[in-house]
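# Residue-level structural notes
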Amino acid sequence: MITYHERERIFKLDSPNTSYMIGIVDEENFVGHIYYGKRLKEAEASYLMRTQEKPFVPSRNNRERGAFYDGFPFEYPVGGLGDYRESCLDIRTAGGHAGAMLSYVSHEIMRGKPGLCGLPATFGTEEECETLKLVCEDCYVGMRVELLYTVFSDSDVITRSVRVENGGKEHFYLTKVYSACIDMDSRDYDMISLHGSWARERHIQRKPLGYGIQNVSSFRGESSHQDHPFLALADRHTTQEHGEVYAMNFVYSGNFRAQAEVSQFDGVRLSMGIHPENFCWKLEPGESFQAPEVVMVYTDRGLDAMTNTFHGFYRKHLLRGKYKDKKRPILINNWEATYFDFDSDKLLSIAKEAASLGIEMLVMDDGWFGRRNFDDCALGDWVVNEEKIKGGLAALVEEVNKLGMKFGIWFEPEMISPDSDLYRAHPDWAIAIPGRPGTQIRQQYVLDLSRKEVVDHIYAMVSAVLKSANVEYVKWDMNRQLSDMGSAALPPDRQGELYHRYVLALYEMQNRLTTDFPDLLLENCSGGGARFDPGMLYYSPQIWCSDDADAIERLKIQEGTALIYPLSTMGAHVSDCPNHIVGRTTPFETRGVVALAGTFGYELDITKISEEERNQIPGQVAMYHKYNDLVREGDYYRIASYSQNHMFDCWQVVSGDKRESLVTFVQVLTRANYRSRRILLKGLSEDTRYEVQILSARGEKEGDVWICGGDTLMSAGVLVPDMPGDFRSKLIYLTAVD
Ligand code: GLA
């Protein structure tokens, strides 16, 4: 999979359908990017680095060093010496200077994939992947940089990361360390990214790439609602089914920048890494810094292929734990049912009703601890409020278990309320700038997780609660973004490390939790879906997608999320109507089929919904049990996008063996005097005949079953019957008959 061609000085990295080539140039040993794309047979084409064109490599033409630097396709560019495009690595020496340049020193090709110290990362066995470690250095600073590339035999994925080591005699500061860069020729590309806000996360944006810098980023201390650590360049003509796409996704949950820069010579530099704003990491001699991982996907088969490459890869090489490829218990969460106004009697009345309808787990959300009766206090006081939870947690959980249900609980471990016993005892444990009043968001501060005593204290409280009762699920929330960056424990020249140290400590806490409680189902959350990223998915196989559970709003949110992440990871619930966020009323069955595209659960007061709605729940539960294997493990195809057509949405899942498939169709707006809609299915076997059954959104058969070839279903399509009314939906279920 990885070969080094000594005569040509080319590294060739091959996945099943792609090749990536790196070249080493002349005596200066610069490392350049040659090619990334469709798989090639030979290691050649080093002419793509254009070292035969003026300005020549500096050692042959020492006059034009700057001009060379500014055009060469660096594999990992460093700033300060004349490459004026955006660098991937910037330093400041002890003397206060910037500027370095990397040259190849050595390399190693190894089977398997090393873990990244303290960071989440994708993994694979020695049979599944191979890793290239390219060692480069700047001998003036004494800086050693290791570029790591892993290719997989079962996925068209290349992962990258970078480790920087101070091999010199003096300290220096890293002021920027990105994790990956591809310096290639620009074409007629569109840039695809995900953007949003609270309650409308990860909407897809596609726009033409122009000259200059275009980026998406977060310096909110988390991957954020607003932008997403993902960027793709797609040929202007690329569709769901056809065309080239280059995509990068960051396995990191903090500040990031994902960027494309089109240069004066029509090159495009695609880069991704930790956001350099307010980042400054001191490296003493002998110390090293490990940058997080980037997952790169290339395909020439359109966006569906990109999506399924990410899905399959993450299911196999990122998700972990007991529930990685298992059905998750259908849960009912009390947040939208009660907000802070509940006690154990109320919870048990919800649980009783839910259990009788087939729901499998009760989740107790915010408000069970300290004096937390509103969102203005008690974060940090992780002790059960026995005025609400009478007789304590164990008693409540026992009652819930007696109903045949599991029990789950909500925490927000990274936070501290100014009105809390914890803050009164340790005001310096909050992140703050000394002498400046702190910015409160949702009336809370963020804990300084860079301090071990803080992490230990909080973790001890959380784990004591978990050990006190049979808790089988945790929703780990994070409801404000970081600001006022200051740690009472870090020296002045290490304050710029706080953002990253925070993320490392968060990972360490989640690692402890999943190690100490290996059977726990962990669901991450951040004010809805502000930290839905591969970093968090390494610890929790599912993440709450958005606080907006309105079925129509969810179409765009789930489409954008599923562009990269498997459906098995998307926290999705049937919630109450009128919807608490947008005030829209949608049919209960449409809420059901939209939530069935994710983990599935309920978030409403089941004791108060109408008889008609309650009666639908057993049917939805049965549909979950019937289709969830397919939804969780199947390939996912986007058939129509409501965000593009503003009328209807349609997606399809197909089992790996292509013998079973489910199509979900949501008619957002009805039309006057039209006939049925024709849709073309995808992903089936052309040579297989399928039994096709139209189902109502309640799962009831509509009309007769008919048999049809996969080729017909994909090329000629099927008709979705007309539905009067808005927000209506239907399913089509297909099973192979030969
Ligand atoms: C966040 C979560 C919600 C709920 C509340 C509780 O907003 O996304 O689901 O848990 O916090 O405060």
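A short tour of the structure in this document, coming up. (Residues numbered from 1 in each chain as written. Predicted model: local features only at pLDDT ≥ 70, side-chain atom pairs only at ≥ 80, totals over all residues. Heavy atoms only, no water.)

Right, let's get into helix H10 (residues 551-562). The first and last C-alpha atoms of H10 sit 15 Å apart over 12 residues, in line with the 16 Å expected at 1.5 Å per residue. Burial analysis of H10 places 11 of its 12 residues in the buried class, which makes it a mostly covered element. Residues of H10 that are buried: Ala551, Ile552, Glu553, Arg554, Leu555, Ile557, Gln558, Glu559, Gly560, Thr561 and Ala562. (Helix = DSSP H or I, 4+ residues; strand = E, 2+ residues; numbered from the N terminus. Expected span 1.5 Å × (residues − 1). Buried < 20%, exposed > 50% of the residue type's maximum accessible area, 1.4 Å probe, protein only.)

To continue, consider the site of the ligand. For the ligand, the set of nearby residues contains 13 residues, the closest of which are Asp365, Asp366, Lys475, Gly528 and Asp547. Within the contact set of the ligand, an oxygen atom lies 2.7 Å away from a side-chain nitrogen or oxygen of aspartate 366. Considering the ligand on its own, with 310 Å² of exposed area, one finds that the protein chains cover 97% of that surface. Residues of the shell around the ligand, tallied by class, amount to 4 nonpolar, 3 polar and 6 charged. (Near = heavy atom within 4 Å. Polar contact = N/O pair within 3.5 Å; in protein donor to acceptor, adjacent residues only side chain to side chain. Areas by Shrake-Rupley, 256 points an atom, 1.4 Å probe, with all protein chains shown as cover. Nonpolar A, V, L, I, M, F, W, Y, C, P; charged D, E, K, R; others polar.)

Our next topic: unusual backbone geometry. With an omega dihedral of -10 degrees, the bond running from lysine 54 to proline 55 counts as a cis peptide bond. Assignment of secondary structure puts proline 55 in the loop between strand E4 (30-38) and helix H1 (65-69). The backbone of tyrosine 339 shows a phi angle near 50 degrees, a positive value even though the residue is not glycine. For tyrosine 339, the location among the structural elements is in the loop between helix H3 (335-338) and helix H4 (344-357). With a relative accessible area of 31%, tyrosine 339 lands in the partly exposed category. With a phi close to 50 degrees, asparagine 673 is a non-glycine residue in the positive phi region. Relative to the helices and strands, asparagine 673 resides in the loop between strand E34 (660-667) and strand E35 (677-679).

This next bit is on the packing of aromatic side chains. For the structure shown, the criterion picks out 43 aromatic pairs. Where phenylalanine 313 meets tyrosine 314, the ring centres are 5.9 Å apart and the plane angle is 45 degrees; that geometry is what we call tilted. As far as the burial class goes, phenylalanine 313 and tyrosine 314 line up, both buried. Three or more aromatic residues link up through ring pairs in this structure, and these residues are Phe152, Phe230, Phe310, Phe313, Tyr314, Phe532 and Tyr565. We note lysine 176 situated over the ring of tyrosine 178; from NZ or CZ to the ring centre the distance is 5.2 Å. One cation-aromatic arrangement involves arginine 671 over tyrosine 674; the distance from NZ or CZ to the ring centre is 4.1 Å. (Phe/Tyr/Trp six-rings, centres within 6.5 Å; stacked < 30°, edge-to-face > 60°. Lys NZ or Arg CZ within 6 Å of the ring centre and 35° of its normal.)

Turning next to the sheet that holds strand E3 (residues 18-25). Reading across the sheet, the 4 strands line up as E1-E2-E3-E4 and stay open at both edges, with antiparallel pairing between neighbours. Both outer strands of the open sheet, strand E1 (2-5) and E4, are each paired with one neighbouring strand and no more. Strand after strand, the sheet turns through a mean of 15 degrees between neighbouring axes, direction not considered. As judged from the 4 bridges shared by E1 and strand E2 (residues 10-14), these two strands associate in the antiparallel manner. Bridging from a neighbouring strand, isoleucine 2 pairs with leucine 13 of E2. (Pairing = 2+ DSSP bridges. Axes fitted to C-alpha atoms, helices over the stretch in contact; angles between N-to-C directions.)

Another aspect to go through is a nonpolar patch on the surface. A cluster of nonpolar side chains, namely Trp198, Ile581 and Val582, defines an oily patch on the protein surface of about 250 Å² accessible area. Mapped onto the elements, tryptophan 198 comes out in the loop between strand E11 (189-197) and strand E12 (200-208). (Patch = residues over 30% accessible without salt bridge, like charges linked within 9 Å, V, L, I, M, F, W, Y side chains within 5 Å. Salt bridge = Lys/Arg side-chain N within 4 Å of Asp/Glu carboxyl O.)

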